[in-house]
Amino acid sequence: MKKLFTLCCATLLAACSSNAPAPHASLDGEVFYLQRSALPPAATLSVSLQDVSLMDAPAVTLASQAGPVKGNVPLPFHLTYDPAQVKPGHRYALSARIELDGKLLFINTEHHGVTLDGNDPQPLRIKLDPVR
């Protein structure tokens, strides 16, 4: 009987631990540009959170959001990431771009670093510049 009780408890604990949701954190903000022009209805906005620690390697994306532009600037974004992926001593940044049919229209040209320690001011604001 004791073995059966122990087996039931172990099974219950295993089931609880495997169904537990992964912890997550999020960043909220908005993307804007200064030009006084509306975007075409088919334009898409992409925002990503990246580990930019290594200068000689591509950035590693921790979270991204992409989809059609809805409305006028400022354009809101919401990124959810796994805090377990955040490594001490690494640098993280946000990048954003607006495209139309695969052609780049706007992109951020300034570095938008984030600390991911819970002290980043929210909403974050990312200014985009037109691509010439």
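Residues numbered from 1 in each chain as written. Predicted model: local features only at pLDDT ≥ 70, side-chain atom pairs only at ≥ 80, totals over all residues. Heavy atoms only, no water.

Undergrad: Help me get a handle on the side chain of Ser-48, residues and values and all.
TA: Tracing the sequence through the fold places Ser-48 in strand β2 (residues 44-51). On the accessibility criterion, Ser-48 (10% relative accessible area) is buried. In this structure the side chain of Ser-48 is engaged in a polar contact, spanning 2.9 Å, whose partner is the side chain of Ser-95. Excluding its chain neighbours within four sequence positions, the residues that come into contact with Ser-48 are Thr-61, Ala-63, Ser-64, Leu-79, Ala-93, Leu-94 and Ser-95. (Helix = DSSP H or I, 4+ residues; strand = E, 2+ residues; numbered from the N terminus. Buried < 20%, exposed > 50% of the residue type's maximum accessible area, 1.4 Å probe, protein only. Polar contact = N/O pair within 3.5 Å; in protein donor to acceptor, adjacent residues only side chain to side chain. Contact = heavy atoms within 4.5 Å.)

Undergrad: An account of unusual backbone geometry is requested, with residue identities and associated values reported.
TA: Cis geometry is found at the peptide bond from Val-73 to Pro-74, where omega equals 0°. Position of Pro-74 relative to the elements: it lies in the loop between β3 (60-68) and β4 (75-81). Cis geometry marks the peptide bond from Gln-122 to Pro-123, where omega comes out at 10°. Note on placement: Pro-123 falls in the loop between β7 (112-114) and β8 (124-127). Phi angles above zero are rare outside glycine, and Asp-101 is one such case at about 55°. Despite not being glycine, Leu-116 shows a phi value in the positive range, around 60°. Turning to its location among the elements, Leu-116 is positioned in the loop between β7 and β8.

Undergrad: Could you give me a rundown of the environment of Asn-72, with the residues and numbers involved?
TA: Within the secondary structure, Asn-72 sits in the loop between β3 and β4. Taking relative accessible area as the criterion, Asn-72 reaches 59% and is therefore assigned exposed. For the pair formed by Asn-72 and Phe-32, sequence separation is 40 residues and the distance between their alpha carbons is 8.9 Å.

Undergrad: Explain the sheet that holds strand β1 (residues 25-32) residue by residue, including any values.
TA: Judged by pairing direction, the sheet is mixed, and its three strands sit side by side in the order β4-β1-β8 without closing on themselves. Every other strand in the sheet has two partners, leaving β4 and β8 as the edge strands with one partner each. Here the average twist between neighbouring strands, direction ignored, is 30°. Here β1 runs beside β8; their pairing, made up of four bridges, is parallel. Bridging from a neighbouring strand, Val-31 pairs with Ile-126 of β8. (Pairing = 2+ DSSP bridges. Axes fitted to C-alpha atoms, helices over the stretch in contact; angles between N-to-C directions.)

Undergrad: With reference to specific residues and values, describe the pattern of salt bridges.
TA: Summed over the entire model, instances satisfying the criterion amount to three salt bridges. With a closest N to O distance of 2.3 Å, Arg-125 and Glu-30 form a salt bridge. Taken as a pair, Arg-125 in strand β8 and Glu-30 in strand β1 lie far apart in primary sequence, 95 residues in all. Overall, the relative accessible area of 45% leaves Arg-125 in the partly exposed class. Glu-99 is the partner of Arg-97 in a salt bridge, and the nearest nitrogen-oxygen pair spans 3.0 Å. (Salt bridge = Lys/Arg side-chain N within 4 Å of Asp/Glu carboxyl O.)

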